[in-house]
Structures are given as structure tokens and as C-alpha cells.
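Structure at a glance
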Amino acid sequence: MSVPHEAKPRTTAVVLAGGTGQRVGLAIPKQLLKIAGKAVIEHTLSIFENAEDIDDVIVLMAPGFVPDVEKIVAKAGLTKVTKIIEGGSTRNETTERAISALGEGLAEGEDRNVLFHDAVRPLLSQRVIKDCVEALGRYQAVDVAIPSADTIIVTRTHGEDGEFITDVPDRSRLRRGQTPQAFKLSTIRKAYEVAAGDPNFQATDDCSVVLRYLPDVPIYVVAGDEYNMKVTQPVDVFITDKLFQLASTAAPRQADEAAYRELLSGKTLVVFGGSYGIGADIAALAEQYGASVYALGRSTTGTHVENPEHIDDALSKAYAETGRIDYVINTAGVLRIGKLAETDNTTIQEALNVNYLAPVQIARASYKYLAETQGQLLLYTSSSYTRGRAEYSLYSSTKAAMVNLTQALADEWAGEGVRVNCVNPERTATPMRTKAFGQEPEGSLLSSEAVARTSLDVLLSAMTGHVIDVRQQDPTRDVTEASGFEQALASVLDRQEDV
């Protein structure tokens, strides 16, 4: 029962956000809970905003909280969101309201694709969206599911004696349902029309409505993703936040050299740690594209980032001479290797001053300038930030702090339009690394210029609160086909070996 080929229909994502957050223990709906610096629903809506296969988005929000979503949509510039309406008291009633809203303005006989997605699944991949839309070219109903890793048991309660197993289904045939659930609008509308005649109608998802009331309609299954989890229990909040923290985020590249010149011409960059390595390469590239650049460092300008007065003086000078500061970058850092118990106070203080307190001071001093231009602060972490290693305790812990600082400031400064991001390069050929480890095999390290180019892409993007991995591409794997979360899992394993 394949759908005949015809002109590509319009595709609408319906984001179902009617949950109350009671199971998470919140006074607000869980979709408004902030994870990785943004409300859960904003993460979800951004996924559909960036999906090529989605034309528009409708949100069904918990009663009383529509204005909250309207503010989020307006602030984030989510242009695909065309309607935000109140959901019903049940999942079925919410879907019926969505179907009604989707039918408005349609010509007689006109159909469209519809993807129903839980607002509290903010880790949905573009691959799943694309697969669902493609499947609707052949089928009228599509579900998303993954194999069950757990054994599923069927039980029956016997009074006060408790539960007892009555059956253990074959796990190889069991799947865990996810969303989106995708349909031709005409199909899901008809299923609900038939269901309305059943006085005992009750369902917790929409595919079951089609299965029960339109049994002749096959429901195709698209492979989901293990990390496309639903934020339901308190532990889910922690896991989801950690996945966002670990995820590789790709900064969009500009179309050509002229685009970089257009975006950077007339802008002012202040680069702390700009004497050599990544900082020097960022400064050279930005200057090449027409930016006014202030590259600061101990060996070139006598700027010590651990000295707040030096930071203030550098920023004041850049602002006085150019009248603006658009980007502040800090690549300064020190790497001291050794057992903590054998490390003297001077070395400990140096690591804390340069690797932690200096970025804090730079952030504080930069804020007023960046708020004026709605600019960006760019920090740097290390590939060891997810797991402390013996003899790297000072370095790893201060670099982990940069991730938390990035996410906190991105949230804190969002109202003023100031963006904050953090670049996480894997092992990079810099003078600091050579001093610590000596010469390493050719080709085993990233070039500092490659990190600098990615850094420029981050600066020119609208991203905020992200950790951007810069990695050497594995020739055996097409990384463009891997989702950010798949890359994150690979990164965690790789970082066991990286510093």
C-alpha cells in the first residue's frame, strides 16, 4: 500500500509540549526546564528550524504557558514556527487540536506531511527527520523505534502478594517507540474520526490510533537513535545535559573568502594569548579578512592575562582606537605536568591564575564592550576535560571549568545578545605542547591554523553555549554522516588517550 508518487507536499512538524513536569518534580512544565543554557523546547524547535525537510512548525503547549513559548520563539528567531496554541488535557485531545489547526487554509483534496514530536526529546537527529519524510513518500504512517536492549516481561498482580511474571516476549521482535511519528494528514485525521465513534477510545500515541482504527494502513518503522531520549524522570535531566555538554557541534563555514571579508571587515578582535600558536593564527586570519586585531601576549606586548589591570588596559585601548569590540578570544594557557602532591604552591597558583582566573577576569572585563556590539567571547578547553588523568590534575580540572563557565555565561548574557562558546581542539601542534612533550610524529597532531579557521567560523555563527570539537578527520569514517551525539560518544573514548 505505497502512496502514489506526486508533487512534494508541504511538511509540518507538530511539537507536542503539553507535559506538566510533575514527574521531574518541577513547578513549571519540563519543556521549559533549561538544559545546556536553553529551554528544552528551544533545543527541540531549533532542530526543526534547521531541518531542510521541514517547512513550518506548530507548537501545542501546556495551558497557561503559551506566552513563555512565544517569548522563546521571538528571542531565538525561530521563523518556521507559525502557530503556538494550547494543548488539551490528554495526548489524544492535543493531537486533535493539532489536526484541526493543520487543516486550516488547505484547499479541498490537498494533503500534507505531518511529524508529531515530543517537545521533551531535544536530541533528535536530522537523519531521523529526513528518513521519516522520505518514508512518507511511500507510506501513509511512519513510526520511529529502536531495538530493546532489556528483556521485557509481562506481569500480573495477585492481590497483596505483588506482581508475578506471566510471559517473556521474544526480545528480538520488540522495539522501543520514539518520536517523531509521521503521517499523511488525511490518514491521521481519518483515524481520529473513526476513533471518535468508540466510547472507550484511549491511546498514548498516534501510531496506535492508526493501527487500531485503520488496520489496513501499514505503519513503516524508521530506525531511531539511542540518544533520542525523552526527558521524563529527574535522572533524564542530568543525562541529557551531559550529552549536550559532550556533543560535537559543527560551526557553519562561510561560502567563500569574500564572505569572510564581508563579515569581518570593520570588526575588532582582541586576542589574549595571541603571541603564537592558535591565538596568533586567529589574529593573522582575521587581519587578512579586514578586521582590526589586537594580538596580546607576554612575549610580544608584555600582557599578562593573570593581571586584571593588563586585561582592562588592553580592552580599553582597542575600544578607544576603533570605537568597538566585537570578539574577545582567550587562548592563553599553561600546561604543567606532575603529581599534585609533589607540586609546589607557585606552580599551582600559576595554573589557577592563567587557566582559570584569567578567563574569568577577561569575561568580566569584556562584557560591557560585547553587550554594545552583541559580540562573542570565545574560550578554549582541552580534549581531557571529560576525564581527569593522573599528573594532569591542574590542567584537566581548569579546562573542565571552561566548559561550565561557557555554558553559565551563555545563559547569563543571552538577554543582551552576547554569545559565548568554547572550542575543544584535540591534540594540536603548538609551542606549549612541544615544550611539554617534545617533538611528536608528523601528522599525529592538528595544525594550529586548522583550529584557528574553525574558531573564525564559530565567531561568525549565531551559536552560543556550545562546545565545538575540532578533530582530525578519520579517513575510514564519513564524519559528515555522523550526528553530533555519535561523534560525542566517539570523542569520549578518544579522550581517554588525549591530553
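Please refer to the structure higher up on the page.
Positions within a chain are numbered from 1, following the residues in the order the chain's sequence is written. Where local features are concerned, this predicted model is filtered to residues with pLDDT of at least 70; where side-chain atom pairs are given and counted, the filter is 80 or more; whole-chain, interface and lining totals use all residues. Side-chain descriptors were evaluated using all non-hydrogen atoms of the structure, hydrogens and water having been removed beforehand.

Let us look at the sheet that holds strand β4 (residues 56-61). Reading across from one edge, β5-β4-β1-β6-β10-β7-β11 is the order of the seven strands in this open sheet, with mixed pairing throughout. With partners counted over all chains shown, the strands left at the sheet margins are β5 (81-86) and β11 (219-223), one partner each. Neighbour to neighbour, the strand axes of the sheet diverge by 25° on average, direction disregarded. For strand β6 (residues 113-118) and strand β10 (residues 175-184), the ladder comprises four bridges, and the chain directions are antiparallel. Among the inter-strand pairings, F116 is bridged to a residue of β10, identified as Q181. Throughout, a residue-residue contact means that at least one pair of heavy atoms, one from each residue, lies within 4.5 Å. Angles here are taken between N-to-C directions and fall from 0 to 180 degrees, while the axes themselves are lines fitted to C-alpha atoms, restricted in helices to the stretch in contact. To qualify as a helix, a DSSP run of H or I must reach at least 4 residues; to qualify as a strand, a run of E must reach at least 2; elements of each kind are numbered from the N terminus. Contacting β1 (11-17), β6, β7 (141-147), β10 and β11, helix α4 (residues 126-135) crosses the sheet at an angle of about 155° to β11. Here, strands pair whenever DSSP counts at least two bridges between them.

Pairs of cysteine sulfur atoms within 2.5 Å are identified as disulfides in what follows. The final tally for this structure, using the stated rule, is zero disulfides. For C132, which is in no disulfide, the shortest distance to another cysteine sulfur is to C207 and amounts to 9.3 Å. We call a residue buried when its accessible area falls under 20% of the maximum for its residue type, exposed when it is over 50%, and partly exposed in between, using a 1.4 Å probe and counting protein chains only. The class of C207 is buried, set by a relative accessible area of 4%.

The next point concerns the packing of aromatic side chains. Centres within 6.5 Å make a pair out of two Phe, Tyr or Trp rings, where for Trp the six-membered ring is used; the pair is then stacked when the planes are under 30 degrees apart, edge-to-face when over 60, and tilted otherwise. Within the structure shown, the criterion is met by seven aromatic pairs. Judged by centre distance (5.0 Å) and plane angle (45°), the rings of Y367 and W413 are tilted. Placement of Y367 in helix α12 (residues 345-373) and of W413 in the loop between α13 (393-412) and β16 (419-425) is noted, with a sequence separation of 46 residues between them. Exposure remark for W413: the relative accessible area of 6% places this residue in the buried category. An aromatic cluster of three or more residues is present, and its members are Y192, F201 and Y213. In this arrangement the basic side chain of R138 is found over the ring face of Y220, its NZ or CZ atom lying 5.3 Å from the centre. Here, a charge over a ring is recorded when the distance from Lys NZ or Arg CZ to the ring centre is within 6 Å and its angle to the ring normal is within 35 degrees.

Spatial strand order, β13-β12-β14-β15-β16-β19: six strands in an open sheet with parallel pairing. The open sheet has two edge strands with one neighbour each: β13 (292-296) and β19 (467-470). Strand-to-strand twist of the sheet, defined as the mean angle between neighbouring strand axes without regard to direction, takes the value 15°. Relative to strand β15 (residues 376-380), strand β14 (residues 327-330) runs parallel, the two sharing three bridges. By the bridge assignment, I329 is partnered in β15 with L378. Together, β12 (268-272), β13, β14, β15 and β16 form the strand contacts of helix α9 (residues 277-288), whose direction differs from that of β13 by roughly 165°.

Residue types Ala, Val, Leu, Ile, Met, Phe, Trp, Tyr and Cys, when buried and joined through side-chain atoms within 4.5 Å, form a set referred to as a nonpolar core. Counting 34 residues, the largest nonpolar core has I41, L45, V57 and V59 as its most contacted members. Counting only elements with at least two residues in this core, the list comes to β1, α1 (40-49), β4, α2 (66-76), β5, α4 and β7. For this core, the leading source of residues is α4, giving five residues. Setting aside residues no more than four positions away along its own chain, L45 makes contact with V15, V57, V59, V73, L78 and V81. Membership of the second largest hydrophobic core comes to 31 residues, among which are A314, I325, L370 and C422.

Moving on: a nonpolar patch on the surface. Surface patches are drawn from residues lacking salt bridges whose relative accessible area is over 30%; two like charges belong together within 9 Å, two nonpolar side chains (Val, Leu, Ile, Met, Phe, Trp, Tyr) within 5 Å. The Shrake-Rupley method, run with a 1.4 Å probe, gives the accessible areas here. Residue values count only the displayed protein chains as cover. The salt bridge criterion pairs a side-chain nitrogen of Lys or Arg with a carboxyl oxygen of Asp or Glu, the two atoms within 4 Å. Taken together, the side chains of I153, I165 and V168 present a nonpolar region at the surface, about 270 Å² in accessible area. With relative accessibility at 54%, the residue I165 sits in the exposed group.

What follows is about the environment of A318. With respect to the helices and strands, the residue A318 is situated in helix α11 (residues 308-322). Its relative accessible area of 0% is what places A318 among the buried residues. Counting along the chain gives 49 residues from A318 to L269, while the straight-line C-alpha distance between them is 8.4 Å.

On to empty space enclosed by the protein. Of the grid points, spaced at 1 Å and generated over the protein atoms alone, those admitting a 1.4 Å probe that cannot get out make up cavities, while open sets with protein on both sides within 12 Å along at least five of seven lines make up pockets; any residue with an atom within 4 Å of a point is treated as lining. Grid points are joined across faces, edges and corners, and a volume is the space filled by probe spheres set on the points. Per the counting criterion, the structure on display carries one cavity of 30 Å³ or more. Taken as a whole, the largest cavity encloses approximately 40 Å³ of empty space. Together, N330, A332, V354, N355, P359, L379, Y380, K399 and M402 line the largest cavity. Contributing elements (two or more residues each) for the lining of the largest cavity: α12, β15 and α13. Residue contributions to the lining of the largest cavity peak at three residues, all from α12.

What follows covers unusual backbone geometry. Residue T179 is joined to P180 through a cis peptide bond whose omega torsion reads 15°. By the element assignment, P180 lies in strand β10.

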